[in-house]
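Observations on the model geometry
Below, each chain spelled out in residue letters.
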Amino acid sequence: MGTVVSIEIADDLPDPQLGELVSSTCAWLHEVDARFSTYKDDSEVCRFRRGEIALADCSDDFRLVLDRCSDLWRDTDGFFDAYAGGPLDPSGYVKGWSVEVASSRLLAAGSRRHYISAGGDIRMRGAGPGGRPWRVGVRHPWEADKLSWVLELTDGAVATSGTYERGAHVFNPRTGTAASGLRSVTVVGPDLALADAYATAALAMGEPGLAWLAKRIDEGYESAAVTDDGRAFTSPGLPVAS
């Protein structure tokens, strides 16, 4: 997926079991990468793009992801668009979804306390080391060695979308131009797939995305954002560490 994934398991389990949990998680993420990568010519996404495989013949996971992307396109009034850059690119959903699934798999396999981070998208369950909540630093969008916020939570997801690392990679589908107005958007909530997609959609909206994010609070999603001119906004329930 073009990023680094880190896995921390805080359960008091035998080393062989911990090793197996990590190995199985890595195997799942490599499977996702092989299927959804837009950089690998033999991936399912690339084959579908070229018309070499029909949707009916695609994997269950592939069809599920496309269905979810369609739902998000509707729910965000078109601002989350897997076709925004032209060819199909579901990456804005896949990364968060794959980590959310990885966490669910870990839970089913016996890990109730873990933390998975994939390029700034994080899913955590239970208490962290020492029984304390997990802490997540949200990077300052201009000064890489500083943090805008430190979040503290147990069960939940944190996703950040911004222009400060990858440049103009999110587009406003209404104008066809690079998103502007917001420098960084962080969304916290119960599901990483949605948190990631919501952060991407809000970034694409620009400053109107702030009002749109406020409407997601009733769904259980809190947020923080920094505008292009340096103003910072947070929702009332954002779990900022004291």
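Residues numbered from 1 in each chain as written. Predicted model: local features only at pLDDT ≥ 70, side-chain atom pairs only at ≥ 80, totals over all residues. Heavy atoms only, no water.

**A few points about the pattern of salt bridges**
Note the threshold: The term salt bridge refers to a side-chain nitrogen of Lys or Arg lying within 4 Å of a carboxyl oxygen of Asp or Glu. Under the scheme used here, helices are H or I runs from DSSP no shorter than 4 residues and strands are E runs no shorter than 2 residues, and both carry numbers assigned from the N terminus. The rule is simple: take the accessible area with a 1.4 Å probe, protein chains only, and divide by the maximum for that residue type; under 20% is buried, over 50% is exposed, in between is partly exposed.
On inspection of all chains with the given rule, the structure shows 16 salt bridges. In this structure, Arg-35 engages Glu-44 in a salt bridge whose closest nitrogen and oxygen atoms are separated by 2.8 Å. Residues Lys-95 and Asp-121 are paired through a salt bridge, measuring 3.6 Å at the closest nitrogen-oxygen approach. Taken together, the positions of Lys-95 in helix 4 (residues 91-108) and Asp-121 in strand 3 (residues 121-125) put the pair 26 residues apart, joining distant regions of the chain. Grouping residues by exposure puts Lys-95 and Asp-121 together as buried.

**Quick notes on the environment of Cys-69**
We count it as follows: Residue contacts are counted whenever heavy atoms from the two residues lie within 4.5 Å of one another.
When you line up the elements, Cys-69 lands in helix 3 (residues 60-75). Cys-69 gets classed as buried once you look at its relative accessible area, which sits at 6%. With 22 residues separating them along the chain, Cys-69 and Ser-91 place their C-alpha atoms 10.0 Å apart. In this view, Cys-69 contacts Phe-80, Ala-82, Pro-90 and Tyr-93; residues no more than four positions away in its chain are not counted.

**What about the packing of aromatic side chains?**
The following threshold applies: Think of it this way: a Phe, Tyr or Trp ring, Trp meaning its six-membered ring, pairs with another when their centres are within 6.5 Å, and the plane angle makes it stacked under 30 degrees, edge-to-face over 60, tilted otherwise. As a reminder, the over-ring test applies to NZ of lysine and CZ of arginine, requiring each to be within 6 Å of the ring centre and within 35 degrees of the ring normal.
In total, this model carries 7 aromatic pairs according to the counting rule given. For the pair Tyr-198 and Tyr-221, a centre-to-centre distance of 5.3 Å together with 75° between the ring planes defines the contact as edge-to-face. Placement of Tyr-198 in helix 5 (residues 192-205) and of Tyr-221 in the loop between helix 6 (208-214) and strand 10 (222-227) is noted, with a sequence separation of 23 residues between them. The ring of Trp-28 carries the charged tip of Arg-105 above its face, separated from the ring centre by 4.1 Å. The ring of Tyr-198 has Arg-216 lying over it, and the distance from NZ or CZ to the ring centre is 6.0 Å.

**What to know about the sheet that holds strand 11 (residues 232-234)**
Applicable threshold: When DSSP finds at least two bridges between two strands, those strands are taken to pair. Fitted lines through C-alpha atoms serve as axes, helices being fitted only where they are in contact, and the angles separating the N-to-C directions of these axes extend from 0 to 180 degrees.
If you trace the 7 strands from one edge of the open sheet to the other, you get 1-2-3-6-9-10-11, paired in antiparallel fashion. The sheet is open, and its two borders are formed by strand 1 (5-9) and strand 11, each paired with just one other strand. For this sheet the average axis-to-axis angle between neighbouring strands, irrespective of direction, equals 10°. Sheet topology note: the strand 1/strand 2 (residues 114-118) ladder contains 5 bridges and is antiparallel. Residue pairing across strands places Val-5 opposite Ala-118, the latter belonging to strand 2.

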